[in-house]
Amino acid sequence: MPVPIYMQFWFFDVKNSDEIANSGAKPIVKQLGPYTYQEFREKYNITWHGNGSITYQQSKKYIFRPHMSAGRESDNVTMLNIPLVTVANFLKFTPSWLKMLVSLGLVVLDESLFVQHTVKEWLWGYEDPMLQYVSKLIPSFDSKFGLFYGPTSGNLSSDGVYNIFTGELDSSQVAVVNTWNGDKFLPYWKSDYCNMINGSDGTIYSPFVEKTQKLMLFSTDLCRSIFTTYEKDVSLKGLKLWRFTAPPAIFENATVNPDNECFCMPCLGSGLLNMSVCKTGAPIIVSAPHFYMGDPKLVEAIDGMHPVKEDHETTIDVEPLTGLAMKLARRMQINTYIEPISYLAQTAYLKPTFFPVMWVNEVFTS
């Protein structure tokens, strides 16, 4: 039987939304979760090639598991109005008449900076009245919003066409991604170095892993490749494994780690990655949960951030002879950026802040 994969979601419920909106108060958030879904993957359109590679697509389906969750899908959560922030970010680059037209519409709709929706709605999508209005003016906008809504990340989604090496001709290339959507490089970042597609999907590596290796992982969720490094020996059911973890260097500021300069779109400080370039302009910024390993100022700006290494780092426990990942915890936090915007009255009193929305842990244990 396939190893069960689970997606655990934690939400940051905003406790002082009126004070933030009306006087620029320091945000107070309370973590809610986990809300756990079992992830089912199915590969299809499978084609074997003579060069020792295989092409496929992969669908994902998520089923809620109440017994593994801290609440129900119907639980209400108050969070930042991300559609409003997204529209505001888009309008920065539009003519004044469009800014005025949209801002007037938001007044009529009585749009708020913070909104309440159920867990299910936040994750998988809801019809948003503001987006319905905006989509008539700007057709590129969808009238529905969800953090995991869409063809590449939601239920029954597919995140592209993969071509990976089987290791048949070269065992060091087992499960290494050769191309994604037909390309060897991504289209998002400032140079080929940052756009390189490196590594596997994180579930298997080539055999005879060494502690000095960087284990590369290609993540469509992050729109980039990352790496993990050896940290320590661990065991699982009596089996000796090596734990690899994601180091601070991945999200370090370019002044600290020059290799990250080509990910600066623009640079946001250590611990953050601007994802707007691959999220159709939405002001999505990723980090480790609770800004773990990030600039301490990120934690200090939000009441409710409590970074803990054991809970918030990404880990891969590998059996070194076979290269199989026996345990995985891939953790990522979704944030956005808020600031005063002259043409939106709802933002008048905001202080520039990297605002946490939710975090997710994709986990399996063999």
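Residues numbered from 1 in each chain as written. Predicted model: local features only at pLDDT ≥ 70, side-chain atom pairs only at ≥ 80, totals over all residues. Heavy atoms only, no water.

**Student:** How should the packing of helix H2 (residues 82-91) against helix H5 (residues 129-137) be read in this particular structure?
**Tutor:** How two helices sit against one another is set out by the angle between their axes and by the gap between those axes. Contact geometry of H2 with H5 gives a least axis separation of 9 Å together with a crossing angle of 25°. Accordingly, the angle class assigned to the pair H2 and H5 is roughly parallel. Crossing handedness for the pair H2 and H5: left-handed. Here Pro83, Leu84 and Val87 of H2 lie close against H5, whose contacting residues are Met130, Leu131 and Val134. Taken together, the residues of the contact of H2 with H5 break down into 6 nonpolar, no polar and no charged. (Axes fitted to C-alpha atoms, helices over the stretch in contact; angles between N-to-C directions. Helix = DSSP H or I, 4+ residues; strand = E, 2+ residues; numbered from the N terminus. Parallel < 35°, antiparallel > 145°, perpendicular 65-115°, else oblique. Left-handed = near helix turned anticlockwise from the far one by under 90°. Contact = heavy atoms within 4.5 Å. Nonpolar A, V, L, I, M, F, W, Y, C, P; charged D, E, K, R; others polar.)

**Student:** Help me out: how do you make sense of the nonpolar core in this one?
**Tutor:** For soluble globular proteins, the rule of thumb is that nonpolar side chains tend to be buried together. Core analysis: the largest hydrophobic core is formed by 99 residues, its most contacted members being Phe9, Phe11, Tyr37, Leu123, Phe148 and Met358. The residues touching Phe11, leaving out its near neighbours within four places in the chain, are Lys30, Gln31, Leu32, Tyr35, Val77, Met79, Val119, Trp122, Leu123, Val357 and Met358. (Core = buried A, V, L, I, M, F, W, Y, C linked by side-chain atoms within 4.5 Å. Buried < 20%, exposed > 50% of the residue type's maximum accessible area, 1.4 Å probe, protein only.)

**Student:** It is not clear to me how the state of the cysteines should be interpreted in this structure. Could you clarify?
**Tutor:** Cysteine pairs can be linked by a disulfide, which is a covalent bond between their two sulfur atoms. Inspection of the entire model under this criterion finds 3 disulfides. In this model, Cys194 is linked to Cys262 through a disulfide, with the two sulfur atoms separated by 1.8 Å. Because the torsion about its S-S bond is 70°, the bridge between Cys194 and Cys262 counts as right-handed. Here Cys194 is found in helix H6 (residues 192-195), whereas its partner Cys262 is found in the loop between strand S12 (239-245) and strand S13 (273-274), with 68 residues between them in sequence. Cys262 matches Cys194 in its accessibility class, with the two residues each being buried. (Disulfide = S-S within 2.5 Å.)

**Student:** Looking at this model, I keep getting lost on helix H3 (residues 96-108). Mind explaining?
**Tutor:** Within an α-helix, residues lying three or four positions from one another point in the same direction, as the helix has 3.6 residues per turn. Its 13 residues place the ends of H3 19 Å apart at the C-alpha level, agreeing with the 18 Å of an ideal helix rising 1.5 Å per residue. Turning to H3, its buried residues are Leu98, Lys99, Val102, Ser103, Gly105 and Leu106. Looking down the long axis of H3, one finds its buried residues gathered within 155° of arc, a one-sided arrangement. Seen from the open side of H3, the exposed residues pointing more than 90 degrees away from its buried face are Ser96, Trp97, Met100, Leu104, Val107 and Val108. Here the buried face of H3 lies against H2 and H5. Within two residues after H3, Asp110 carries a phi angle of roughly 55°, on the positive side. (Expected span 1.5 Å × (residues − 1). Arc of directions from axis to C-beta.)

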